[in-house]
Amino acid sequence: MFFYFRFLFIVVLIGCENPTQQSSENTSDTLSGKLIITGSSTVAPLASELAKKFEDLHKQVKVDVQTGGSSRGIADVRRQVSDIGMVSRKLKAAENDLTPHLLAIDGVSIIVNAKNPVLELTAQQIRDIYLKKIVNWQSINGVDKEITVINKAEGRSTLEVFTKHFQLKNRDIKPDVIIGDNEQGIKLVANNPNAIAYVSIGAAEYSVQHGVNVKALPLNGVPANTQNLAEKRFPLSRELNFVTLGEVSPLSEAFLHFSRSSQIKPIVEEYGFVALLSR
Amino acid sequence: MSPCYRDKLFITGFKAAACITVLSLMFIIFFLIYESSSILTSTNLSQYLLDESWHPTDGEFLLTPMIVGSVLIMFGAMLFSIPLGIFTAILIHYYAPVWIAHLLQRIVEILGGIPSVVFGFWGIIMIVPFLASIQAPGTSLLAGVLVLTLIVFPGMTLFACSALQQVNKLHIQNAIALGLSRFSIIKHIILPQAKPGLLTGMILQSGRAIGETLAVLMVCGNVVQIPGSLFEPVRTLTSNIALEMAYAMDEHRSALFLSGLLLMFVVLGLVLLSEKFKSVPITE
């Protein structure tokens, strides 16, 4: 028994000492060490994929991606708990202590069931629907059915983009259903011909292409797709940023550089975002 | 390795397992208290019952609708699954032919083994559109109750089965010899004897019902309100945590941990309550 514990103790000691030895020995030409990235759950899946690719290129590097929302991304970078923060919006004026590194653009699109005859909704109609001033589809598309209003849970960045664009306050919105992630909204709308929701354009486009029973409505006459997003024509959109504080370590710098290289474009598009490489 | 040494090794292993069990519970409770401590020590704890609504980003933290939601869903699901479970168990034990009883028992076991998210998904596709055809929006208290009933009743059935098995066989044989009907044997001899076991099952399954998260989140609509009817959406404490934890900061986060702590104590209370019934002797 005692031997076993002593063995364990030694293993733990070795385990503890190993990384420090490695990092001091491998300072020659390759990068090494650990990079911590935290923040927006919209950016996190993409960041994880980038991290994997980056780890393949640099064997001595470990990248740790954690979610917790844009606000956590900012708070962690400020407290220097993380190296890079993920923020799924433009930085606010009060956040000018941080440096943004624009990664991609994401859009929010209004979705309805594919059977719904409606072709487009005006901003005023969308406002009225979410404020329950219009409760029936009749005045919009002639179908006498009650509208099922789907809203997002508080704190989600899609909700922020949506409410800000339509000048709504979340406390004034009277939803019938509150959802967490995009997938849940798409499933509900696909199974309810009278529902309306808003989700990330990437998620909506992916579902439409894969035959899910939903359609994305155009806004101000601009169809909701990734191409219009890339050309910055689609109004309901947001920036996806990496943020850093002050002087950036060589490792972070290398990762940020990698995240802007042309080889990541297909990965970004896989997630339904639009890559911004021309800088 | 001498037998004595091996024995010691085993005992140490068992002790370690027991320690890990106790420690993990302690650790979870400590962690919940620690995370919600900033709220527990603040003077205005009453705001969680007196605020106007639940708008955490505006600093309003009314927990009452979620507590009501959790309790309503739990009672609703138990209302359906208790009779369903007990009747199925009685059918399996006393009425069905052997092969049907075996088949039924296997089916119930399989139902109990299906992950709850599958029930949730099934609820979105089947129950919600059906309820929506009666009254929009479909995602409602009733949808939650129905889906939760399906999740809870297999466990209730299995508890009821084991409670029925513990009934003294001699009493049943005597009753048969006296020429009592099957119904009156069940009503006057079997059920009274199985009562402690049934009660334990009910209470433990209530704990399961109030703790269920994902399936409920998928079909309940999650609007923070005290529902006016069965067809209105509700949000439970567990869905609230699951929906908002990923994005919660500071006081909002603590408020979610507080609701976690609340749930923990409810389940703890239910388990203690079930212990009370267990101690009742099974035979007279």
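The coordinates are above.
How each quantity is defined
Counting from 1, residues in each chain are numbered in the order their sequence is written. Chain letters start at A and ligand numbers start at 1, both assigned in the order the entries are written. Given that the model is predicted, a residue must reach a pLDDT of at least 70 before its local features are reported, and side-chain atom pairs must reach 80 or more before they are shown or counted; all residues, however, enter totals for whole chains, interfaces and linings. Hydrogens and water are ignored here; the side-chain numbers use all heavy atoms of the structure. Between any two strands, pairing holds if DSSP finds at least two bridges. Secondary structure is summarised from DSSP: a helix means a run of H or I of at least four residues, a strand means a run of E of at least two, and numbering begins at the N terminus for each. The buried label applies to any residue whose accessible area, calculated with a 1.4 Å probe on protein chains only, is under 20% of its type's maximum; exposed applies above 50%, and partly exposed to all values in between. We call Phe, Tyr and Trp rings a pair once their centres come within 6.5 Å, taking the six-membered ring for Trp, and we label the pair stacked below 30 degrees between planes, edge-to-face above 60, and tilted otherwise. Definition of a polar contact: a pair of N or O atoms within 3.5 Å, with one able to donate and the other able to accept a hydrogen when the atoms are protein atoms, and with sequence-neighbouring residues admitted only if both atoms are side-chain atoms. Pairs of residues are marked as contacts when any of their non-hydrogen atoms sit within 4.5 Å. The nonpolar class holds Ala, Val, Leu, Ile, Met, Phe, Trp, Tyr, Cys and Pro. Asp, Glu, Lys and Arg form the charged class, and all remaining residues, Gly among them, are polar. Think of a salt bridge as a Lys or Arg side-chain nitrogen and an Asp or Glu carboxyl oxygen that are within 4 Å of each other.

A. Summary view of the pairing of strand β9 (residues 237-245) of chain A. All names here are of chain A. Of the pairings in the sheet, the one linking strand β3 (residues 84-87) to β9 comprises 3 bridges and is antiparallel in character. Residue pairing in the sheet places Val87 in a bridge with Asn241 of β9. As paired strands, strand β4 (residues 98-113) and β9 are joined by 9 bridges and run antiparallel to one another. Bridged to Ile105 within β9 is Glu239.

B. Just unusual backbone geometry, in detail. All names here are of chain A. Even without glycine at this site, Lys132 takes up a positive phi of about 65°. Residue position: Lys132 is located in the loop between α4 (123-130) and α5 (138-141). Positive phi outside glycine occurs at Asn220, with the angle close to 50°. Tracing the backbone shows Asn220 in the loop between β8 (214-216) and α9 (226-230). Its relative accessible area of 56% is what places Asn220 among the exposed residues.

C. View of the packing of aromatic side chains. Counting across every chain of the model gives 11 aromatic pairs over all chains. An angle of 85° between the planes, with centres 5.5 Å apart, marks the rings of B:Phe31 and B:Phe257 as edge-to-face. Placement of the pair is B:Phe31 in helix α1 (residues 3-35) and B:Phe257 in helix α12 (residues 250-278), with a sequence separation of 226 residues. Taking relative accessible area as the criterion, B:Phe31 reaches 35% and is therefore assigned partly exposed. Centroid distance B:Trp54 to B:Phe61: 5.8 Å. Interplanar angle 75°. Geometry classified as edge-to-face. Taken as a pair, B:Trp54 and B:Phe61 share a single burial class, namely buried. The structure contains a cluster of three or more aromatic residues connected by ring pairs, namely A:Phe54, A:Phe242, A:Phe255 and A:Phe258.

D. Structural view of the side chain of B:Glu60. Position of B:Glu60 among the secondary structure elements: in strand β2 (residues 60-61). A polar atom in the side chain of B:Glu60 sits 3.2 Å from the side chain of A:Arg171.

E. Quick peek at the interface of chain B and chain A. Facing the 29 residues of chain B at the interface are 26 residues of chain A. Counting across the interface, chain B meets chain A through 5 residue pairs in polar contact (both at pLDDT 80 or more). For the side of chain B that touches chain A, the secondary structure elements donating two or more residues are α1, β1 (54-55), α6 (116-134), α10 (214-219) and α11 (237-244) of chain B. Tallying contributions element by element places α6(B) first for the side of chain B that touches chain A, with 4 residues. Taken together, the residues of the side of chain B that touches chain A break down into 18 nonpolar, 7 polar and 4 charged.

F. Structural detail: the pattern of salt bridges. By the definition in use, this model includes 15 salt bridges over all chains. The salt bridge involving A:Glu49 is made with A:Lys53; its shortest N-O contact spans 3.5 Å. With A:Glu49 and A:Lys53 both in helix α2 (residues 44-57), this residue pair falls 4 residues apart, about one helical turn. Residue B:Glu244 pairs with B:Arg235 through a salt bridge whose shortest N-O separation is 2.9 Å. Overall, B:Glu244 belongs to the buried group, its relative accessible area being 1%.

G. Representation of the pairing of strand β5 (residues 148-152) of chain A in the model. Residue and element names in this part refer to chain A. Most of β5 is tucked away, with 5 of its 5 residues classed as buried. On β5, burial covers both faces: Thr148, Ile150 and Lys152 on one face and Val149 and Asn151 on the other are all buried. The pairing of β5 with strand β7 (residues 195-200) spans 2 bridges and is classified as parallel. In the strand pairing of β7, Val149 is matched with Ile196.

Shape descriptors only; they carry no functional weight alone.
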